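Listed below, chain by chain, are the residues.
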Amino acid sequence: PLQNPRLVAMSLPALALLGLEAPAAEREAAEAEAALYFSGNRLLAGSEPAAHCYCGHQFGSFAGQLGDGAAMYLGEVLGPRGERWEIQLKGAGLTPFSRQADGRKVLRSSIREFLCSEAMFHLGIPTTRAGTCVTSDSKVVRDIFYDGNPKSERCTVVLRIASTFIRFGSFEIFKPTDEYTGRKGPSVNRNDIRIQMLDYVISTFYPEIQEAYSDNSVQRNAAFFKEITKRTARLVAEWQCVGFCHGVLNTDNMSIVGLTIDYGPFGFMDRYDPEHICNGSDNTGRYAYNKQPEICKWNLGKLAEALVPELPLEISELILEEEYDAEFEKHYLQKMRKKLGLIQLELEEDSKLVSELLETMHLTGGDFTNIFYLLSSFSVDSDPSELEDFLEKLMGQCASVEELKVAFKPQMDPRQLSMMLMLAQSNPQLFALFGTKANINKELERIEQFSKLQQLTAADLLGRNKRHWKEWLEKYRGRLQKEIEHVSDADAWNTDHVKVMNSNNPKYILRNYIAQNAIEAAENGDFSEVRNVLELLENPFQEAEVFREVKEDAEEEGATATAAACAQETRSRLPYCSKPPLWASELCVT
């Protein structure tokens, strides 16, 4: 059992799925009860704890048997609305699949998973949920950056909630010996289990498919594969539209019902960079932001292989080719139209307008979230001075010379780089063990950019950025005018246009620096920042502004003395919708 478990935070909307409430009058008792049960110290009546066995392709290679090494399945709850919810405790201790680990999770990773699960739900993105985050006085030792500097951290447990935690990798337990890694699944030749799992997944989570094809299992399995292909394509399109990077898109982290699952080294992109890598241990950039769509398609290909012979590969491969890219493009463009307030017409040129916007963001180092949020205040009929004011606001969301210098700072020692370049020429086989051409090219590009930045003045950068944005805004204005030409009431259109934009462009996302501030406060025993951030993320769109600012004013008045005494408090005073401070670029999540 954990020593002295106590509640860091709870999500009332997530707990309501299970029929649990915590009225204000009974909050203290509810928090104590939550800490007792959701630390794993006391078992809920009717629980039958279990750990799930699955395999997975990790970073492109088959890893063999993995399984829930730190997650404990407690059972299924029938919620008040008749929905069934699986609940599990993540970080509750050893399972049969813990291998050399201890089955524990720590405060920093648990806070991140707890907050992001709920943030994604309130952004309208399919996800597993998090009901509680409970910490303790029990400690484990962790080497955060794998650099030989271990430290003692608090054991913490997250209550996770989902219709199911079955993954693509759950079906890879039948995989025979892999030709590259020599590993195999633990259930080779057990097609009876594969049939049982397919029957369970389809009848429980895809009942309409089960009903439509009850007398033909191949057709039923094909319809199921088509549906999970489309759900996965739509899910990734949603990620791309909010700048979310998962970080570890292995096949064991892909949900069989199309949810975002397993929040580890994830990150919401700040400065727009299509090659953004959020996971500090993803050395080759396999799971970079712009690679996510193709990686999820690759993972679906591995699921297709795992369903043979119950679904022949020639059928599933055809479905994947016909459905995935088309569904992704369609959903991505639909969502981007909403983000740009294009609510009247669907024109072919819209795709180009979106890619030119992203290119402009990239060239100017624009903040992905804040620029989309700002665009709702752009007026089609703005006069030159209004346009100038709007451009000034945009400039505030572009990267400064200092920020760009940090972003393009060379990462290799010059001697190491020159040795790698010589090695690439003289011994390509040996070079392949140490690095890749892409990594070396990226470093050379960084050096070139960094050297150009030494000559660049802030005024030059501002002028250049303004030119880029003026050019794109003219195209955007032209596209909005086409909308207006097709409506009878321009004012009503404008109201709807702004409303749609404000409900598709969040003002608040879980930026790494916001999570880090909450983690540091919690590590010092103050859970209020985690709870504040949770409340904020439950209202990510414009409506949150009013409640937030009022709350911050009240807090600021009451906390001046404390803020002066505590640098951490001062640091977190930066408005939650701000682009990140310079220190945030040093944050590394592995």
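Up top is the structure these notes are about.
Not measured: the values here are computed from a predicted model. (Residues numbered from 1 in each chain as written. Predicted model: local features only at pLDDT ≥ 70, side-chain atom pairs only at ≥ 80, totals over all residues. Heavy atoms only, no water.)

## Quick notes on the packing of aromatic side chains
- Tallied over the full model, the rule gives 17 aromatic pairs.
- Note on Tyr206 and Phe224: the rings are 5.2 Å apart at their centroids and 75° apart in plane angle, and the pair reads as edge-to-face. Here the residue Tyr206 occupies a position in the loop between helix H4 (191-205) and helix H5 (207-212), and Phe224 occupies one in helix H6 (residues 217-242), the gap between them amounting to 18 residues.
- Assessed through its relative accessible area of 0%, Tyr206 is described here as buried.
- The buried category is assigned to Phe224, whose relative accessible area is 0%.
- Taking 4.9 Å as the distance between ring centres and 20° as the angle between the ring planes, the aromatic pair formed by Trp472 and Tyr476 counts as stacked. Of this pair, Trp472 and Tyr476 both sit in helix H16 (residues 458-485), four residues apart, which is roughly one turn of the helix. (Phe/Tyr/Trp six-rings, centres within 6.5 Å; stacked < 30°, edge-to-face > 60°. Helix = DSSP H or I, 4+ residues; strand = E, 2+ residues; numbered from the N terminus. Buried < 20%, exposed > 50% of the residue type's maximum accessible area, 1.4 Å probe, protein only.)

## What about the environment of Leu313?
- Looking at where Leu313 falls in the secondary structure, it is placed in helix H8 (residues 313-339).
- Placed 12 residues apart in sequence, Leu313 and Gly301 show a C-alpha to C-alpha distance of 9.2 Å.
- Apart from residues no more than four positions distant in its own chain, Leu313 is found in contact with Ala304, Glu305 and Val308. (Contact = heavy atoms within 4.5 Å.)

## Side note on helix H3 (residues 107-122)
- Between its first and last C-alpha atoms H3 spans 23 Å; for 16 residues at 1.5 Å apiece the expected length is 22 Å, and the two agree.
- Across the 16 residues that make up H3, a large majority, 13, are buried.
- Trailing H3 by a residue or two, Gly124 shows a phi angle of about 85°, which is positive. (Expected span 1.5 Å × (residues − 1).)

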